[in-house]
Amino acid sequence: MIDEELVQLLSPEGERVSHPQYQSSLNDEEIFGLYRDMVIVRRLCNESTSLQRQGQLALWAPVQGQEAAQIGAGRALAPMDFTFPSYREHGVAWCRGVPPEDMLRVFRAVSNGGWDPQRYRHALPTIVLGNQALHAVGYAMGVQRDGSEEAVMTFFGDGASSQGDVLESFVWAASFNAPVVFFCQNNQWGISTPSTLQSRVPLYRRAQGFGFPGIRVDGNDVLAVYEVTKRALENARVGGGPTLIEAFTYRMGAHTTSDDPTRYRVDAEVEVWKHRDPVERVKALLVRGHNLKAAAFDQVAAEADAMALKLRDDVLAMGRPDPITMFDNAYAGAHPLIEEGRREMIELGISGGAR
Amino acid sequence: MIDEELVQLLSPEGERVSHPQYQSSLNDEEIFGLYRDMVIVRRLCNESTSLQRQGQLALWAPVQGQEAAQIGAGRALAPMDFTFPSYREHGVAWCRGVPPEDMLRVFRAVSNGGWDPQRYRHALPTIVLGNQALHAVGYAMGVQRDGSEEAVMTFFGDGASSQGDVLESFVWAASFNAPVVFFCQNNQWGISTPSTLQSRVPLYRRAQGFGFPGIRVDGNDVLAVYEVTKRALENARVGGGPTLIEAFTYRMGAHTTSDDPTRYRVDAEVEVWKHRDPVERVKALLVRGHNLKAAAFDQVAAEADAMALKLRDDVLAMGRPDPITMFDNAYAGAHPLIEEGRREMIELGISGGAR
Amino acid sequence: MATTSMTMAKALNEGLRRAMEKDKKVLLMGEDIGKLGGVFRITDGLQKDFGEDRVIDAPLAESAIVGTAVGLAIRGYRTVCEIQFDGFVYPAFDQIVSQVAKLRKRSEGAYTMGLVIRLPFQGGIGAIEHHSESPEAYFAHTAGLRVVSCSTPNDAYWMIQQSIEHDDPIIFCEPKSRYWEKGEVDLDNAPHGLFDAVVRREGNDVTVIGYGSSVKTILRAAATAATEGVSMEVIDARSVAPLDIAPMIKSLEKTGHLVVVQEAPHTASVGSEIVAELTERCFYSLRAPGIRVSGYHVPYPPSRIEDDYRPSVDRILDAVDRVMGFES
Amino acid sequence: MATTSMTMAKALNEGLRRAMEKDKKVLLMGEDIGKLGGVFRITDGLQKDFGEDRVIDAPLAESAIVGTAVGLAIRGYRTVCEIQFDGFVYPAFDQIVSQVAKLRKRSEGAYTMGLVIRLPFQGGIGAIEHHSESPEAYFAHTAGLRVVSCSTPNDAYWMIQQSIEHDDPIIFCEPKSRYWEKGEVDLDNAPHGLFDAVVRREGNDVTVIGYGSSVKTILRAAATAATEGVSMEVIDARSVAPLDIAPMIKSLEKTGHLVVVQEAPHTASVGSEIVAELTERCFYSLRAPGIRVSGYHVPYPPSRIEDDYRPSVDRILDAVDRVMGFES
Ligand SMILES: Cc1ncc(C[n+]2csc(CCOP(=O)(O)OP(=O)(O)O)c2C)c(N)n1
Ligand SMILES: Cc1ncc(C[n+]2csc(CCOP(=O)(O)OP(=O)(O)O)c2C)c(N)n1
Ligand SMILES: [Mg+2]
Ligand SMILES: [Mg+2]
């Protein structure tokens, strides 16, 4: 156990752990499903990292180490729920059905968004730390006004927890008892900044001072994350108000492919966390506890490979957008400067004017 | 007792109340001194309100009802401490030695400041809610770097407690263990907004979630406010870090002279709080407990009257500033647009160019 | 055309009421806008009639007011945010610039950022600091936003409704010093499109352009100028961004002289934009350079001397003289 | 004059180091500026040498970075705040506009707001959204602030030191796309005053003004133009606000033609200001209206197409052609 306050249902060795308030509700098939998601997302991440190294992406924000947090949270959602991610929630996006290639449009620098957020009920990546937390609360206020039993979940990191927007969103969520779940992935680092600089007490406790519950879950334990999130979402849907979940996890890789973590953290720390790997943990459970055969794992690996192959093809096929598309959708209504810009671009021969 | 969590040393009836952690350290003379301060500040406030009614001030923000909170806090300060007020801390300004007429310059609309903040170690009024809390933390970080045993105190209201800047200042104060005391006067209202909209749990509890202590004190009990503040300041000076003090009090008057509280609150509430009047409470103690004679009270009243008379004279003597002074101190260095503005004003005959 | 006389404050109140009646998705949100009706009473009575769910008293945090309005927009609501005073919009600046302005583009049209940010702006009410600012240039500069300003009760009544109906986010600047002045309001027909500039007074010698509270000041200057034989054409820009440039060009082609009036300081301002743009488009019509009459480049002064900071009739007339006398 | 070749990033690093050596009251504060040395390594090694008390790794909150720097200024410190990227300055906008810009005036000089806000700005590095913005107009418009930008390593080295020494708050805009380009740095003598505009290339036909990363682009355009027989005079504004207008006037009196280049969108921009101001001051010297070459009025596009958003050599040459051909 990392911490006494931590909800954990599966030990790093893949053994079930009992907890007074939570127990896993998932059957073998469902657990295998979570494993499959995690393997695919890890593969997606690795493929993206190599695409970046090969110059095919401008940047990549790896999710490795955080698969359990994201898949546990993502799979706890109901279809009608709505999610507001930051920029690293590829696992959540996967659960929401966002096609992998769409997740990479931002990183290939061909789009500032990448998918239709209304279709997947998954908002676009938010890069400005914390902005999305207020959007989630506002959306949740809309849900309340519609009298609908939906929950809203927003994701942010330990670093973003220091931003005024996140803190104001706590005030508002409490005041309006909004059906929102704040999912903070404490991956121990905000680029080079240790999470202890953002808070000298466990982050989940911050919620209580705002008048709603906070809970810390082992973010590398997909079973625990799933149950904790599911209960918080259900509670939100029936008028129980907000919850802050702190998923205690670790960013195994660099902050992004532009980052060099050797400058600020020691290998020993990474080694410790390797032993808590979220994917290996479920695999151990499935092997030992559920007697799952190697073939099943091979099949998932094959599926992940196929996804990666397709992803690579899709990304390579993403060409440079026609520059004139920068004018599309900047405004809903007619705008003289948009017209002027389009005209200039055509006159300069930068674009043929296709839209 | 208003609340079990409240530190109180003096009942609304002026009787001493015992408390497990706090007891009054003040002798009779000192208590009488606090009484005197409160009477003078109340008089200052009333005189300002009538000056405003008579068209001599553009606006006034009454402090009535909050005298104990402000005098208790103000007198707990050591001379070398530094304070960062919002716009209603006339009582604190009084304790810091700011001349009453200087407090009124802003309200007579002849200045945006009014006094030399470095001289009185009392910053200028901050109107943008919450901005000052960060200044206080920054200043406190400076104190740390100077290796000095000084404390910094900042004042804000229940309303301002929802602003990102105040909340970020909590994060920072905790991270740097800054020698700062956050003094929140919860006067139950932020203009028309009840404090319950800002927090559904007692405000002082917010601190704990950020990793430092919060405490609620009866803000109408000057003895309790004094002791609680004094201890927090001492703690800060010796490296004990920040404290949030919530002074539970009441804004007896309007938000400002522009406000009409009859639109949003009932008389009955005001009546309840009249019985908790901070000035009457100490007077009762002094009369009953300390056998103070009428003459002593009369002398304070006379002193207050004299202050008010002088204040009135001083305010009436404050003429319209020469418009060209708007260019003074806008920049430290030479600036072409400042020169140009001065020149234009002289050419237009708006100013003779005196500075 | 049946018209009714009312103040701009009342016209805004009626406009908001009508918008809320027409569309259930319209919400109001801001500080003290419920029981108090806002510090200027613009939302007076609306919470009583539409309920607390549609007229939302906000905790005191502007970034949250705008940030939650963004979330509500994603959910399909149209929120009119009231910022209590111009000087308190800055805590929301990040949400406005990074999200409100950019989300439609980022989502390639999937999100409609149909929200209005009401900003009582400009000075002239004898207030203390931060209550008299003119921040319109910040928003005009920001791609993705539109900025409009009303100068009459009739415009106020119609423009607020048009803004709420419009699918782009709009910074709605209300000249607070004119809230209590009365004017005729036509309850049946909108006088102009939301983004139209309007000639408020025809003239031949010099074109003077302004918006918000400046319009009336310019008209007073025009009356005085007329007695001195100078014929001022007065244009109310109304749409601060984008500018409705055509009527301005037309006017300049006639007068050849340009003065722009604004309360904001002149550096990188809307006034700079009008001068630069019209110079580019009417270079050969201009008989003198366009001149800006602006607030000075200092923090807004204590209000006892604000009338010497804000463009006055005298300063406008002086600028008109300068621009007219330029050739000589 | 002993000079050393170094990149702009290194020059800034050395400039900061020298300022910290000279004055113990100089602090650095920002996100990831300690062990990491900042995402651009501008503060590389400084925490190691000056300690954690002087090179402060900040929790992730920009309003707090600037707000605490204000408190430190009141205490007598001079803090250089690093904002990680341009697009992340907006959470601090309120503190900058309401406090940093106004506190000296409010205190009538009792407070010295000697702080520098370093802003890696402009695009051209293939980044994702919010990492390529040009927010200088917001600050130029704000009375109480000064805005400067360096375009060479030598300027970077000196201007950062001059900014730290200066008693007014300064927004220090660093063209991040030029961080890794080398140039000669004179370690002994400052080449210019902090607020001086500088002629980077002399010419007779057209004056082209820019700042930051645009300067090099303009110089490239000038080289091309020269081969086509057009002689461009290139001015690096350096001080974005206030503008050093005298050398610009002098140049225009010679050339009669004006082009201004900036990456920000043109509405109410620094470019608008330069055009408006120079038109007013050089009306009879101008043979054509001044033209702005700017970013388009859209949110900064995905970086695969940013080179068609940012003013390119081609667009600058096109503008030069237009302005030169205006008379005909
Ligand atoms: C307002 C703002 N400031 C700075 C940044 C630059 N930045 C991007 S990610 C990051 C660290 C965030 O850490 P955390 O919130 O823990 O999320 P993680 O990257 O660990 O998932 C920073 C400082 C930003 N995106 N937005
Ligand atoms: C950022 C900002 N938003 C709005 C206002 C307008 N305003 C002035 S005082 C006030 C209420 C503040 O309430 P509280 O913090 O409880 O202080 P109190 O007035 O009760 O002393 C409001 C909304 C402001 N000054 N600053
Ligand atoms: Mg993190
Ligand atoms: Mg209050």
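Residues numbered from 1 in each chain as written. Chains lettered and ligands numbered in written order. Predicted model: local features only at pLDDT ≥ 70, side-chain atom pairs only at ≥ 80, totals over all residues. Heavy atoms only, no water.

**Q** Give a description of the interface of chain A and chain B that names residues and reports values.
**A** The partner chain B presents 21 residues to the 21 residues of chain A that form the contact. Applying the counting rule to chain A against chain B returns zero salt bridges. Across the contact surface, chain A and chain B share ten residue pairs in polar contact (both at pLDDT 80 or more). Of all the elements in the fold, those that place two or more residues in the side of chain A that touches chain B are α7 (164-175), α8 (195-198) and α9 (206-210) of chain A. Looking at which element gives the most residues to the side of chain A that touches chain B, the answer is α7(A), with six residues. (Contact = heavy atoms within 4.5 Å. Salt bridge = Lys/Arg side-chain N within 4 Å of Asp/Glu carboxyl O. Polar contact = N/O pair within 3.5 Å; in protein donor to acceptor, adjacent residues only side chain to side chain. Helix = DSSP H or I, 4+ residues; strand = E, 2+ residues; numbered from the N terminus.)

**Q** Tell me what's going on with the sheet that holds strand β3 (residues 152-157) of chain A, and back it up with residues and numbers.
**A** Strand order in the open sheet formed by six strands is β1-β7-β8-β4-β3-β2 (chain A), and the pairing between neighbours is parallel. Taken across any chain shown, the strands that pair with only one partner, and hence form the sheet edges, are β1 (6-7) and β2 (82-84) of chain A. (Pairing = 2+ DSSP bridges.)

**Q** Let's hear about helix α12 (residues 278-289) of chain B: which residues, and what values?
**A** All names here are of chain B. Compared with the 16 Å implied by 1.5 Å per residue over twelve residues, the 16 Å span of α12 between its first and last C-alpha is a close match. Residues of α12 that are buried include every one of P278, V279, R281, V282, A284, L285 and L286, and no others. Structurally, α12 contributes buried residues whose contacts are with α1 (28-53), α2 (67-76), β7 (214-218), α10 (222-237) and α13 (294-317). Measuring from the backbone nitrogen of V279 back to the side-chain oxygen at the start of α12 gives 2.9 Å, which picks out D277 as the cap. (Expected span 1.5 Å × (residues − 1). Buried < 20%, exposed > 50% of the residue type's maximum accessible area, 1.4 Å probe, protein only.)

**Q** Can you break down the coordination of the magnesium ion (ligand 3) residue by residue, with the values?
**A** Residue and element names in this part refer to chain A. The magnesium ion (ligand 3) binds to the protein through D158 (OD), N187 (OD1) and W189 (O); the donor distances cover 2.0 to 2.1 Å. The sequence motif formed by the donor residues of the magnesium ion (ligand 3) is D-x28-N-x1-W. Of this pair, D158 sits in the loop between β3 and α7 while N187 sits in the loop between β4 (180-186) and β5 (189-190), and the two are 29 residues apart along the sequence. Judged by relative accessible area, which is 5%, N187 ranks as buried. (Donors = N, O, S within 2.8 Å, 3.2 Å for Na, K, Ca; no water.)

**Q** Could you give an account of the site of ligand 1, naming the residues involved and the relevant values?
**A** Lining the immediate environment of ligand 1, one finds 20 residues, of which Y87(A), R88(A), I127(A), D158(A) and E62(D) sit closest. One chain alone does not account for the residues near ligand 1; they come from chains A and D. A distance of 2.8 Å is found between an oxygen atom of ligand 1 and a side-chain nitrogen or oxygen belonging to N187(A). Across the complex, the protein chains shield 96% of the 570 Å² of accessible surface that ligand 1 would expose by itself. (Near = heavy atom within 4 Å. Areas by Shrake-Rupley, 256 points an atom, 1.4 Å probe, with all protein chains shown as cover.)

**Q** Any details on the relation of the copies chain C and chain D? Residues and values, ideally.
**A** Each copy of the sequence occupies a distinct position, and chain C is placed on chain D by a rotation of 180° and an axial shift of 0.0 Å, giving an RMSD of 0.0 Å. On this basis, the relationship between the two copies can be described by a two-fold rotation axis. Take the interface residues of chain C: 100% of them recur as interface residues in chain D, which is what a same-surface contact looks like. (Least-squares fit on C-alpha atoms with pLDDT ≥ 70 in both.)

**Q** Describe in detail the pattern of salt bridges, supporting the description with residues and values.
**A** All names here are of chain C. Per the stated rule, a full pass over the model turns up 108 salt bridges over all chains. The residue R238 makes a salt bridge to D155 at a minimum N-O spacing of 2.7 Å. Residue R238 is found in the loop between β11 (232-236) and β12 (239-241), and its partner D155 is found in helix α7 (residues 153-165); the two are separated by 83 residues along the sequence. Per residue, the accessibility class of R238 equals that of D155, and both read buried.

**Q** Which residues make up the coordination of the magnesium ion (ligand 4), and what values go with them?
**A** Residues and elements named next belong to chain B. At 2.1 Å from the magnesium ion (ligand 4) lie its protein donor atoms, namely D158 (OD), N187 (OD1) and W189 (O). Linear spacing of the donor residues for the magnesium ion (ligand 4) on their chain is D-x28-N-x1-W. Separated by 31 residues along the polypeptide, D158 in the loop between β3 (152-157) and α7 (164-175) and W189 in strand β5 (residues 189-190) bring together distant segments of the chain. For D158, a relative accessible area of 1% puts it in the buried group.

**Q** Just give me the short version of the interface of chain C and chain D, but keep the residues and values in it.
**A** Accessible area lost on assembly of the parts is the figure often given for the size of an interface. Listed by partner, the interface residues are 51 residues for chain C and 51 residues for chain D. Note on chain C versus chain D: buried area summed over both sides is about 4,300 Å², and carbon and sulfur give 62% of it. In terms of surface lost to chain D, no three residues of chain C exceed Y138(C), H141(C) and F283(C), which account for 17% of the buried area on that side. On inspection of chain C and its partner chain D, the count reaches ten salt bridges. Between E273(D) and R292(C) there is a salt bridge whose closest N-O contact spans 2.9 Å. Where chain C touches chain D, the interface holds 22 residue pairs in polar contact (both at pLDDT 80 or more). Listing elements by their share of the side of chain C that touches chain D, those giving two or more residues are α4 (93-100), α5 (103-106), α6 (136-140), β13 (258-265), α10 (270-281) and β14 (291-295) of chain C. The leading source of residues in the side of chain C that touches chain D is α10(C), at eight residues. (Buried area = accessible area lost by both parts, 1.4 Å probe.)

**Q** Talk me through the relation of the copies chain A and chain B; I want residue IDs and the actual numbers.
**A** When chain A is fitted to chain B, the residual RMSD is 0.0 Å, and the transformation amounts to a turn of 180° plus an axial shift of 0.0 Å. The residues that chain A uses at the interface reappear at the interface of chain B in 100% of cases, marking a shared surface.

**Q** Requested: an account of the domain arrangement of chain A, with residues and values cited.
**A** Here chain A is described as being made up of domain 1 (6-321) and domain 2 (322-355). With centres defined by C-alpha atoms, the gap from domain 1 of chain A to domain 2 of chain A works out at 37 Å. (Domains from an automatic or database assignment.)

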